[in-house]
Amino acid sequence: MTITETLGTWSALFMLLAAMTYLVAFVAFAWDMASHSRTLRRAEHHSRRDEQLVGAATAPAQVNSTAGTTKKADDSRPGLGANERGRGHKPPTRAVLAEHVADSSMRYTGERRPAARAALTIMVLAFLLHTAAVASRAIAAGRVPWGNMYEFATTGALVVAGVYLAALLRRDLRFVGTLVSGLVVIMLCAATIGFPTPVGPLVPALQSWWLVIHVSIAVAASGIFTITFAMAVLQLLQARRERAILAGEAPGMGFLAMVPSSQALENLSFRLNAVGFVFWTFTLAAGAIWAEQSWGRYWGWDPKEVWTFVIWVVYAAYMHARATRGWTGTRSAWLSIAGYLCVIFNFTVVNTVFEGLHSYSGL
Amino acid sequence: MTAGNPSRPSPGVRKAGMSTTASSRESSTARGAGSSSAAGLGKSDVELPALGPLGMARWAWTQLTKMNTALFLLLLLAVAAVPGSIFPQRIQDPAAVQDYIDNNPALGEWLDRVQLFDVFSSAWFSAIYILLFVSLVGCVLPRAAKHWRAWRAEPPRTPRRLERLPEHRSLALGGRDGAGAPAPGDVVADAARLLRRRGYRVAVRDTGSAAPSVAAERGMWKEVGNIVFHLALLGVLVSVAVGSLFGYKGQKILVEGESFANTLINYDSFTPGTNYNPDWLDPFSVRLDRFEAVFNRDTTDPRSYGAPLDFTAEITVQEPGAEPQPETLKVNAPVNVNGVKSFLIGNGYAPVIRVTDGNGDVAFEGPVVTIPSDGVYTSSLVLKVPDARPDQLGFTGLLLPTAVTGPDGMPRSVDPGLANPQLILSSYYGDLGLDSGVPQNVYVLDVEELTELNGMLSQSGPIAIDAANPVHELPEGKGTIEFLDVKRYVGLDIVYDPGRFGAFISFVLAFTGLLMSMFISRRRVWVRAAKGVDEHGRACTVLEYGLLARGEDPRLATEAERLSKLFTEQWGTADPPGDPAAHRSTNRAWSGPNHD
Ligand code: HEM
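Residues numbered from 1 in each chain as written. Chains lettered and ligands numbered in written order. Predicted model: local features only at pLDDT ≥ 70, side-chain atom pairs only at ≥ 80, totals over all residues. Heavy atoms only, no water.

1. Here's the deal with the overall build of chain A
Which entries qualify depends on this criterion: A helix here means a DSSP run of H or I that spans at least four residues, while a strand means a run of E at least two residues long, and both kinds are numbered starting from the N terminus. What makes two residues a contact is simply this: any of their non-hydrogen atoms within 4.5 Å. Surface accessibility follows the Shrake-Rupley procedure with a 1.4 Å probe radius. Residue values consider only the protein chains on display as shielding.
Helix and strand counts for chain A stand at 12 helices and zero strands. For chain A, the N- to C-terminal ordering of α and β elements is α-α-α-α-α-α-α-α-α-α-α-α. Long-range pairs, those at least 24 residues apart, make up 83% of the contacts in chain A between residues at least 6 apart in sequence. Surface exposure of chain A reaches about 14,000 Å², of which carbon and sulfur atoms provide 69%.

Okay, structure coming up:
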């Protein structure tokens, strides 16, 4: 066997190991959710009893404010011409909710969560294996590891895990660990089962610096969108639970007690999505420049281009939603989810089913 | 920026209506009614005013320039683009559209009527983006005017109660060790200087009073970025329009040794922009000197053996009255002649063939362009010889660059390189129908009216000619065909797009604007100084300051800390900076503004 083949085999092996390790991390995260939220639920139960003594009368009256409509006569905090994005609850409502959700600053509190610690350690291990897999493939091929769908998916998953782990350094985002590790496992399985491709050279049309620029930024943007997708899902669940809490009903979904408020999730995913949108804008333009160089036109409405445009427009709508009355909160979360579904569609169906100039899937 | 008085919020005014007073008024109506469901997009959330045509127009304009409408139009645009990826599009592949219509006559005709094969030039798609851009202009221009005024105005008045701001701190200055406290007026002047150095624009207020203050603001470029971003999008649209009006695109196949002069008749296909006059074509010419294709010869990996690695065309460009200029053309590296770009988009083999007719005259001699159909360049060939006498001749078949005979006795190509080129052809005679005046595809031979001479199934078998056996005698004395050589050809796209540059500049502007708009923070700071007493009852100067961000700004607390540090460095303090209550409010501010 040649060096290339050996490395390629190693890469595949590492990839498999990484996928299995992520799977273990996923289980550990889920375990953490279950055990930690049981603890939290017990605390919640106590506080609910107190609440019935002091605050029960006010809670149902504020149900509407979850939808962001009640006018706040008592809130006179100044605003810059009322330009605030997002919605909020007035302090008493927030105090009620604070009992049931994690702190919105998403800082580490130093409380002991052995399952979460194990999950993180395993995830880091998986990430290292994954990095080794992608790197050995890149060395084997002698080029950047994003020349076909297998490589987009595996490198994309690496970016997802990397962005997530990097974000964990600054914020306690362990509550999305289950979703993120789950998505990474799915991406790796999809790559290995769906689009297996041996190491090979690039066709001339892909031999360009623009491949490095355009695709790396696209993969990075997709990684960010994956994380905000996970957060949007949690936001929707949390918003439902908050409504139930404010209505005085049993909230259910106890694991959400370890997740910050829907408002905090929305704020953070907005900022991440803003970065993702900037990346995607760049992807789109770099793609146009590359297309201009290799096909002589910067935009030709090839199916891949159509979907890149659709994704861009959906996220532009998302950026607007945050500044549009009636579109914050749940609706903007749905827009974020819609955007991500378009990203997935663009990657899977458009690459494999639609005929176009971008037929580099390697299938 | 209407909030002249920042202590009186008007939640969400700008959220619904961008900037016009009419729309803000209207959005407060919506809020008053307590409607939460985005207030319906297409339908209005106000009573239709009976105002006559002018009033109606104003009303329509107000509706169009609302944020809700922009959002709705954006989503509509996304949805409207989707069919463009599902159905074949004429701009992509007119033949595929025709196939689709032929295969689904009823549905196809109906789809065609609603322009689903021309989505991106359709009336409905155009309507959406034109409305969107009208909305954009109606949105952004008033916003720009407003920002211009805000820029020229001073930062807003200092609120009476700074402790209500999302970030609030206070410091007690002086009074320690019997030192005199600095005068409030001086403190404020120094604070103004410090803030200006941090990039704030400042206005000192109430000088000479007991509690002078300074109002400061930074991040005015954020809004500029937003406006530039939106206007630059308009620039992109205009540039694209310029390109499609005044540009052109043509295709030309060029065999090694051949030249191409840039005039209309020389193109294989030519698509002018709507307003392009072919007389404007720049009269240069291009000769293909040599074409080289490099295939993977690394035998270690059989799967990618023979895969194409590199295509290079050596060409000579000749402009009128200038020296011939040698150039290299590659797949991702076009050659630019005065803004007209030539792109290498295809390549293949052109076998050189000589056909002698039944009368013994040479009826055809030259390269015949073939179309590669797979990775080993199995290429299909069609040759029509209308000049052959007594009968016109036609040939169809394959060029196999590296021919091998398989175990089944069928020859096929095993490699894209020219190791053993062979032609496998059928031949026909009869009327080729070229004189009927109906234009014909050169790559298709309609054999229905012709009589077969050679063929896979015919008695005489197919023609198989190669270097060892270059000549084949046609049956019935119809002539001979001779395989002389193989040349390479390139397929060129020749494109002129005068909007390209404008589109690029617009994009750069849009991207810069986007970065500015997203990552600059707009903040206001108010600092007030007054005589007071510290917690030990000593006389001091109390420096109080509050910060406010536009939108959600998680780093507002960090900025407050920075200012605290600056101020303590400037004056030293009687007490550790800040009070615990202020720190608690920091957390609250992070979780977002307290407005609906
Ligand atoms: C071609 C269509 C449009 C696109 C792609 C687009 C895209 C965007 C994006 C990406 C942003 C967020 C980045 C930023 O703040 O600069 C934004 C913000 C904004 N857009 Fe648009 N926009 C379009 C049309 C419009 C229209 C028609 C309006 C007015 C009705 C509008 C009003 C605004 C406003 C007010 C903001 C700032 C929101 C804020 O302060 O958070 N845009 N737009």
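Picking up after the structure, the text goes on.
2. Description of the sheet that holds strand S8 (residues 308-318) of chain B
All names here are of chain B. Threshold: Whether two strands pair depends on DSSP finding at least two bridges between them. Comment: axis = line fitted to C-alpha atoms, over the contacting stretch for helices; angle = value between 0 and 180 degrees taken between N-to-C directions.
Strand order in this open sheet of four strands is S5-S7-S8-S9, and the pairing throughout is antiparallel. Unpaired on one side and paired on the other, strand S5 (259-261) and strand S9 (325-330) mark the two borders of the sheet. Averaged over neighbouring strand pairs, the angle between their axes works out to 30° when direction is ignored. Bridging between strand S7 (residues 285-295) and S8 involves 10 bridges; their strand directions are antiparallel. Residue pairing for S8: Arg287 is matched across the bridge by Thr316.

3. A few points about the sheet that holds strand S2 (residues 201-205) of chain B
Sheets are built from strands that pair by backbone hydrogen bonding, the pairs being arranged parallel or antiparallel. All names here are of chain B. Read from one edge of the open sheet, five strands run S1-S24-S23-S3-S2, paired in antiparallel fashion. Each end of this open sheet is capped by a strand with a single partner; those strands are strand S1 (167-173) and S2. The average undirected angle you get between the axes of adjacent strands in this sheet is 15°. Two elements, strand S23 (residues 523-533) and strand S24 (residues 539-549), share 11 bridges in a ladder whose sense is antiparallel. By the bridge assignment for S24, Val533 is matched with Ala539.

4. Comments concerning helix H8 (residues 209-246) of chain A
To keep things clear, this is the line we draw: A helix is expected to reach a length of 1.5 Å times the quantity of its residues less one.
Between the first and last C-alpha of H8(A) there are 54 Å, a value that for 38 residues agrees with the 56 Å anticipated at 1.5 Å per step. Following H8(A) by one or two positions, Gly248(A) has its phi on the positive side, about 80°.

5. Focus on the coordination of the iron atom of the ligand
Where we set the bar: Donor atoms are limited to N, O and S found within 2.8 Å of the metal ion, a distance that becomes 3.2 Å for Na, K and Ca. With water left out, some sites might look partial. In this scheme the shape depends on donor count and angles: four donors with every angle between 85 and 135 degrees give tetrahedral, four or six donors with opposite pairs above 155 degrees and others between 65 and 115 give square planar or octahedral in turn, and any other case is irregular.
For the iron atom of the ligand, the full set of protein donor atoms is His320(A) (NE2) and His230(B) (NE2), at a range of 1.9 Å. Around the iron atom of the ligand sit six donor atoms, and with donor-metal-donor angles ranging over 77 to 179° the site reads as octahedral. One end of the pair, His320(A), is in helix H10 (residues 303-321); the other, His230(B), is in helix H10 (residues 220-246), on a second chain.

6. Side note on the packing of helix H8 (residues 123-152) of chain B against H10(B)
Residue and element names in this part refer to chain B. Under the convention used in this document: For classification, angles of less than 35 degrees are called roughly parallel, those exceeding 145 degrees roughly antiparallel, those between 65 and 115 degrees roughly perpendicular, and all remaining angles oblique. In this scheme, a crossing is called left-handed if the near helix is turned counterclockwise away from the far one by less than a right angle; it is called right-handed if the turn is clockwise. When residues are sorted by character, Ala, Val, Leu, Ile, Met, Phe, Trp, Tyr, Cys and Pro go into the nonpolar class, Asp, Glu, Lys and Arg into the charged class, and all the rest, Gly among them, into the polar class.
At their nearest, the axes of H8 and H10 sit 10 Å apart, and the two run at 150° to each other. One finds that H8 runs roughly antiparallel with respect to H10. For the pair H8 and H10, the crossing hand works out as left-handed. Facing H8, whose interface residues are Tyr129, Phe133, Leu136, Val137, Val140, Arg143, Ala144, His147, Ala150 and Trp151, H10 presents Met220, Trp221, Glu223, Val224, Asn226, Ile227, His230, Leu231, Leu233, Leu234 and Leu237. Tallied by class, the residues present in the contact of H8 with H10 amount to 16 nonpolar, three polar and two charged.

7. Quick look at the packing of aromatic side chains
Test applied: Aromatic contacts are taken between Phe, Tyr and Trp rings whose centres are within 6.5 Å, Trp giving its six-membered ring; a plane angle under 30 degrees counts as stacked, one over 60 as edge-to-face, and the others as tilted. Residue burial is assigned from relative accessible area. The probe radius is 1.4 Å, only protein chains are included, and a residue is buried under 20% of its type maximum, exposed over 50%, and partly exposed in between. Sitting over a ring, as applied to charges here, requires NZ of Lys or CZ of Arg to be within 6 Å of the ring centre and within 35 degrees of the ring normal.
The full count for this structure, using the stated rule, is 31 aromatic pairs over all chains. On the numbers, 3.9 Å between centres and 5° between planes, the contact of Phe225(A) with Tyr315(A) is stacked. Placement of Phe225(A) in helix H8 and of Tyr315(A) in helix H10 is noted, with a sequence separation of 90 residues between them. Both residues of the pair, Phe225(A) and Tyr315(A), count as buried. Three or more aromatic residues joined by ring pairs form one cluster here, namely Tyr248(B), Phe260(B), Tyr267(B), Phe270(B), Tyr276(B), Trp280(B) and Tyr496(B). When the ring centre of Tyr429(B) is taken as reference, the NZ or CZ atom of Lys478(B) above it lies at 4.0 Å.

8. Some details on the nonpolar core
Inclusion rule: As used here, the term nonpolar core means buried Ala, Val, Leu, Ile, Met, Phe, Trp, Tyr and Cys residues forming a set that is joined through side-chain atoms within 4.5 Å. The domain limits used here are those given by an automatic or database domain assignment.
Counting 69 residues, the largest nonpolar core has Phe277(A), Val310(A), Trp312(A) and Phe125(B) as the members making the most contacts within it. Among the elements that make up this core, the one with the highest residue count is H10(A) (14 residues). There are two domains that each give this core at least three residues, and those are domain 2 (62-151) and domain 4 (223-246 + 499-517) of chain B.

9. A look at a nonpolar patch on the surface
Let me state the cut-off plainly: Nonpolar side chains (Val, Leu, Ile, Met, Phe, Trp, Tyr) within 5 Å and like charges within 9 Å form the patches, drawn only from residues with over 30% relative accessible area and no salt bridge. Every case where a carboxyl oxygen of Asp or Glu lies within 4 Å of a side-chain nitrogen of Lys or Arg is listed as a salt bridge.
A contiguous nonpolar surface patch, about 470 Å² in accessible area, is contributed by Phe501(B), Phe504(B), Ile505(B), Val508(B) and Leu509(B). Relative to the helices and strands, Ile505(B) resides in helix H11 (residues 500-519).

10. Brief notes about the domain arrangement of chain B
Residues and elements named next belong to chain B. Put simply, the rule is: Note: buried area is the sum, over both parts, of the accessible area (probe 1.4 Å) each one loses when the two are combined. Any pair of N or O atoms that falls within 3.5 Å is considered a polar contact. Within protein, one atom must be able to donate a hydrogen and the other to accept it, and sequence-neighbouring residues count only if both atoms are side-chain atoms.
Domain annotation for chain B reports domain 1 (11-50), domain 2 (62-151), domain 3 (168-215 + 521-586), domain 4 (223-246 + 499-517) and domain 5 (248-496). The C-alpha centroid of domain 5 is placed 42 Å from the C-alpha centroid of domain 4. Domain 4 puts four residues into the contact, and the matching count from domain 5 is eight residues. For the domain 4 and domain 5 pair, buried surface summed over both sides reaches about 540 Å², with 46% attributable to carbon and sulfur atoms. The three residues of domain 4 that bury the most area against domain 5 are Leu245, Phe246 and Arg500, which together make up 86% of that side's buried surface. At the junction of domain 4 with domain 5, the criterion picks out zero salt bridges. At the junction of domain 4 and domain 5, the tally comes to five residue pairs in polar contact (both at pLDDT 80 or more). Among the elements that take part in the side of domain 4 that touches domain 5, H10 stands out by supplying three residues, more than any other. Of the residues belonging to the side of domain 4 that touches domain 5, the class tally is two nonpolar, one polar and one charged.

11. Examining the pattern of salt bridges
Any two side chains of opposite charge can pair, given that their charged atoms come close. One pass over the full model with this rule turns up 34 salt bridges over all chains. In this structure, the salt-bridge partner of Glu109(B) is Arg113(B), at a minimum N-O distance of 2.8 Å. Of this pair, Glu109(B) and Arg113(B) both sit in helix H7 (residues 105-113), four residues apart, which is roughly one turn of that helix. Bridged by salt links that share partners, the residues Asp32(A), Arg113(A), Asp172(A) and Arg174(A) form one connected network.

12. Here's the deal with helix H5 (residues 114-141) of chain A
Between the first and last C-alpha of H5(A) there are 41 Å, a value that for 28 residues agrees with the 40 Å anticipated at 1.5 Å per step. After H5(A) finishes, the residue Gly142(A) shows a positive phi value of roughly 65°.

13. Some points on the environment of Gly225(B)
Residues and elements named next belong to chain B. Looking at the secondary structure, you find Gly225 in helix H10. Here the alpha-carbon distance between Gly225 and Asn296, two residues 71 residues apart in the chain, equals 49 Å. When sequence neighbours within four positions are dropped, the list of residues in contact with Gly225 reads Gly513, Leu514, Met516 and Ser517.

14. Observations regarding the confidence of the model for chain B
All names here are of chain B. Cut-off, in case you're wondering: Confidence of the predictor at the level of single residues is given by pLDDT, which spans 0 to 100.
Averaged over every residue, the pLDDT of chain B is 82; residues scoring 70 or more account for 87%. pLDDT under 50 marks residues 1-45. Its contacts with residues more than four places away, or in other chains, come to 102 contacts. Scored below 50 in pLDDT, residues 575-596 shows 68 contacts in the model against residues more than four places distant or in partner chains. Two numbers describe this predicted complex: its pTM, 0.78, and its ipTM, 0.80.

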